[in-house]
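Below, each chain spelled out in residue letters.
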Amino acid sequence: MSVEINNLNKTIHGVTILSNISMSMPSGCVTGLAGVNGSGKTMLMRAVAGLIRLNSGTIDIDGKRLWRDISFPPSVGVLIENPAFLNDRTGLENLRILASIKDLLQEDDLRQVIKEVGLDPDDKRKFRKYSLGMKQRLGIAAAIMERPDLLLLDEPTNALDSDGVAMFKRIIARERERGATCVISCHDASILRELSDQIYYLAEGHIDGYEKLEPATHLARS
Amino acid sequence: MSRFFKFFMLDIREGWRRSLAWWLVAAGVFLILPVAFYLSTLNLRAEGIAAQFTLGDYYFNLTAGGLAYDPTSSTPFTLPISWFAPILLLAYITLWYPYHDLMGSGKTMMIASGSRWSWWLAKCAWIIVYVCIYCLIGFVLTTFFALIIGCDHSFIATDTSALLLRFDSVINFDVTSYDIMSFLYVVPVVLCALCMLQLAISLLFRPLWGYVVTISILFVSAFSGNHFLLGNSLMAIRSTVYVADGVSPLWSTCLGLIAIVASVVIGGYFLTKTDILEKEA
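Note that the structure is a prediction, hence the values are computed from the model and not measured.

This paragraph deals with the pairing of strand β3 (residues 30–34) of chain A. Every regular strand shows the same layout, with side chains that alternate between the two sheet faces. Residue and element names in this part refer to chain A. With 5 of 5 residues buried, β3 lies mostly within the body of the structure. Residue alternation in β3 divides its side chains into two sets, Val 30, Gly 32 and Ala 34 and Thr 31 and Leu 33, and both sets are buried. Here 4 bridges tie β3 to strand β8 (residues 181–185), and the two strands are oriented parallel to one another. Within β8, the position partnered with Val 30 by the bridge is Cys 182. Taken together, the 4 bridges between β3 and strand β9 (residues 198–203) define a ladder with parallel strand orientation. Bridged to Ala 34 within β9 is Tyr 201.

Let us now look at helix α2 (residues 91–99) of chain A. Burial analysis of α2 of chain A places 7 of its 9 residues in the buried class, which makes it a mostly covered element. Taken together, the buried positions of α2 of chain A are occupied by Gly 91, Leu 92, Asn 94, Leu 95, Ile 97, Leu 98 and Ala 99 of chain A. Looking at the packing, one finds that the buried side of α2 of chain A touches α3 (107–116) and α4 (132–144) of chain A together with α1 (2–46) and α5 (105–113) of chain B.

Residue-level contacts link 25 residues of chain A with 25 residues of chain B. Interface of chain A and chain B: buried area, both sides summed, is about 2300 Å²; carbon and sulfur atoms make up 60% of it. A per-residue breakdown of the area chain A buries against chain B is headed by Leu 51, Phe 72 and Ile 101 of chain A, which together make up 29% of the total. A salt bridge links Glu 14 of chain B to Arg 89 of chain A, with the nearest nitrogen and oxygen atoms 2.3 Å apart. Seen at the junction of chain A and chain B, the total is 10 residue pairs in polar contact (both at pLDDT 80 or more). Among the elements of the structure, β1 (3–12), α1 (41–49), β6 (76–79) and α2 of chain A are those that each provide at least two residues to the side of chain A that touches chain B.

The subject of this paragraph is unusual backbone geometry. Residue and element names in this part refer to chain A. Even without a glycine there, the phi angle at His 13 is positive, about 50°. Structurally, the position occupied by His 13 is in the loop between β1 and β2 (15–25). Unusually for a residue other than glycine, Asp 103 sits at a positive phi of about 60°. By the secondary structure assignment, Asp 103 is in the loop between α2 and α3. Residue class for Asp 103 comes out exposed when judged on its relative accessible area of 55%.

Let us look at the side chain of Thr 272 of chain B. If you trace the backbone, Thr 272 of chain B turns up in helix α11 (residues 249–273). Residue Thr 272 of chain B is classed as buried on the basis of its relative accessible area, which comes to 16%. Ignoring anything within four residues of it in the chain, the contact list for Thr 272 of chain B reads Arg 53 and Trp 67 of chain A together with Arg 116 and Trp 117 of chain B.

Attention now goes to the packing of helix α4 (residues 96–103) of chain B against helix α9 (residues 186–204) of chain B. All names here are of chain B. α9 packs onto α4 with a crossing angle of 30° between their chain directions and a minimal axis gap of 9 Å. Crossing hand, α4 versus α9: right-handed. Contact residues: Pro 98, Tyr 99 and Leu 102 in α4; Leu 199, Ser 202 and Leu 203 in α9.

Bringing the packing of α4 of chain B against α5 of chain B into the picture now. All names here are of chain B. Their axes nearest at 3 Å, the elements α4 and α5 cross at an angle of 65°. Between α4 and α5, the contacting residues are Asp 101, Leu 102 and Met 103 on the first element and Ser 105, Gly 106, Lys 107 and Met 110 on the second. Split by residue class, the contact of α4 with α5 holds 3 nonpolar, 2 polar and 2 charged.

Moving on to the nonpolar core. Counting 169 residues, the largest nonpolar core has Ile 5, Ile 59 and Leu 95 of chain A together with Phe 60 and Tyr 242 of chain B as the members making the most contacts within it. Among all residues touching Ile 59 of chain A, those that are not within four sequence positions of it are Val 3, Glu 4, Ile 5, Leu 8, Ala 47, Val 48, Leu 54, Lys 64, Arg 65 and Leu 66 of chain A.

Turning to the sheet that holds β6 of chain A, a few remarks are in order. Residue and element names in this part refer to chain A. In space, the 6 strands of this open sheet follow the order β6-β7-β8-β3-β9-β10, with mixed pairing throughout. Strands at the two margins of the open sheet, each flanked by one partner only, are β6 and β10 (206–212). Here the average twist between neighbouring strands, direction ignored, is 15°. Strands β3, β6, β7 (150–154), β8 and β9 of the sheet are contacted by α1, whose axis makes an angle of about 155° with β7.

All chains considered together, the criterion is met by 27 aromatic pairs over all chains. Ring centres of Trp 23 of chain B and Tyr 130 of chain B lie 5.1 Å apart, and the angle between their planes is 75°; on these two criteria the pair is classed as edge-to-face. Here the residue Trp 23 of chain B occupies a position in helix α1, and Tyr 130 of chain B occupies one in helix α6 (residues 116–148), the gap between them amounting to 107 residues. For the pair Trp 23 of chain B and Tyr 130 of chain B, one class covers both residues: buried. A ring pair is formed by Trp 83 of chain B and Phe 84 of chain B, whose centres lie 6.2 Å apart and whose planes are at 40°; its orientation type is tilted. The burial state of Trp 83 of chain B is the same as that of Phe 84 of chain B; both residues are buried. Aromatic rings pair up to connect Trp 16, Trp 23, Phe 30, Tyr 97, Trp 126, Tyr 130 and Tyr 134 of chain B into one cluster. Above the face of the Phe 127 of chain A ring, Lys 135 of chain A is positioned so that its terminal group lies 5.2 Å from the ring centre.

What follows deals with the environment of Ala 36 of chain B. Residues and elements named next belong to chain B. When you line up the elements, Ala 36 lands in helix α1. Since its relative accessible area comes to 40%, Ala 36 is described here as partly exposed. The spacing of Ala 36 and Asn 61 is 25 residues in sequence and 9.8 Å in space, taken between C-alpha atoms.

Before going further, it helps to spend a moment on the sheet that holds strand β5 (residues 64–65) of chain A. For sheets, the rule is that strands pair by backbone hydrogen bonds, running either parallel or antiparallel. Residue and element names in this part refer to chain A. Sheet architecture is open: 4 strands sit in the order β2-β1-β4-β5, paired in antiparallel fashion. Two strands lie at the open edges of the sheet, namely β2 and β5, each paired on one side alone. Relative to β5, strand β4 (residues 56–61) runs antiparallel, the two being bridged by 2 bridges. Bridged to Ile 61 within β5 is Lys 64. The sheet strands contacting α1 are β1, β2 and β4, and the helix crosses β1 at an angle near 115°.

Reading the values: the criteria
- Residues numbered from 1 in each chain as written.
- Chains lettered and ligands numbered in written order.
- Predicted model: local features only at pLDDT ≥ 70, side-chain atom pairs only at ≥ 80, totals over all residues.
- Heavy atoms only, no water.
- Buried < 20%, exposed > 50% of the residue type's maximum accessible area, 1.4 Å probe, protein only.
- Helix = DSSP H or I, 4+ residues; strand = E, 2+ residues; numbered from the N terminus.
- Pairing = 2+ DSSP bridges.
- Contact = heavy atoms within 4.5 Å.
- Buried area = accessible area lost by both parts, 1.4 Å probe.
- Salt bridge = Lys/Arg side-chain N within 4 Å of Asp/Glu carboxyl O.
- Polar contact = N/O pair within 3.5 Å; in protein donor to acceptor, adjacent residues only side chain to side chain.
- Axes fitted to C-alpha atoms, helices over the stretch in contact; angles between N-to-C directions.
- Left-handed = near helix turned anticlockwise from the far one by under 90°.
- Nonpolar A, V, L, I, M, F, W, Y, C, P; charged D, E, K, R; others polar.
- Core = buried A, V, L, I, M, F, W, Y, C linked by side-chain atoms within 4.5 Å.
- Phe/Tyr/Trp six-rings, centres within 6.5 Å; stacked < 30°, edge-to-face > 60°.
- Lys NZ or Arg CZ within 6 Å of the ring centre and 35° of its normal.

So far we have only geometry, and geometry alone does not tell us how the molecule works.
Here's what the structure looks like:
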């Protein structure tokens, strides 16, 4: 699934959040978004996810224009800011509820994806009892569970320990192999450089730099 | 359509889980109100006024409301708390779940479903179900209590209850059971309208703003008898069933349905155009 963003502008309450953003995310490519807090990474994710309207500019997903042809990307997994789940449900129950909308997955698939992110599908603890790292892992599981064509992951390594970061890198490498288009924002440039095919640097809502990573520097491929 | 039903079933289940404590409060309120009415009838008997009260008296007590402010009258305006409180409680029960859902997992599910409308229509349907359950709880508990204490089975309120509620000078009790039913069926329709209006405002702006609008509508309705104010359609004492210049059930139904359709269409339209961002409540 390819994503083409052209001259995207977004203003909220008179404050420019995104300014003249244009970028291309080819199918099967891992795109990194780097920048300090408030640089617009999360808003850009929200825009691509279809959660916020654009003041001007376009977002085309596989040739279909967001807000004109489609309301949301047709096959997308999202983790934007804090993982959003029902507090009084277990991890497995939460995934079951999310999966019920599309009804693509069996119970075994859900259990498998929970194991994949290092959680226990039989854990009876409610989501509210989860640690931050566990919440983040469940958020990653929810984003990848339906094997979407587009993955939008905003600060996915937040609160993850070193095992969690390694797990995340493995997942992204596999998703990339599968042909999923991944967009990852992260303030840790080393992780982005390890995982991404290209990195856009954002500052104060506009693109401040671009880096196409050579295969030799791409540690995830080695 | 299947996405709508999936959202709807989830809303019924999750909304119920999150608001269970408030439903218990609602049940308590619907028990306290008839008990309070019964105690006031005892006072009346102590004053030597003997009367057989009916089911209709208990329904009337629950839905009566109050007289509008009249600058020519020497009687001061009184806010009808026993009418006001149960409606505000219903508005509160239906206030938070849609907003929290949109700010939480509902957002992810909305993206997965590919449709904002499915999510929105499910919330509207959820409101209708909750209002019906609320009215049913009120009706059943009031009936249960009234029958337990041995009141007459008639739906017609007696003039003694009007005396008790101090409406004896304005009210016409020459009504039939059909008239009473024609008013009672209006109540859930208008409550749906009120709650959906609140839903639209709370999602497009903030939940507290939605609640403030609901309180304002009810308060202004209690103060003024203007037929366009939704609250007037919820008061028996302002209905043509009991007073000549009241709001007719047909008018109330039309007003309620227009408000429901407007809230669904306008709220849904703006939801499809609005940014889904976390806002302060």
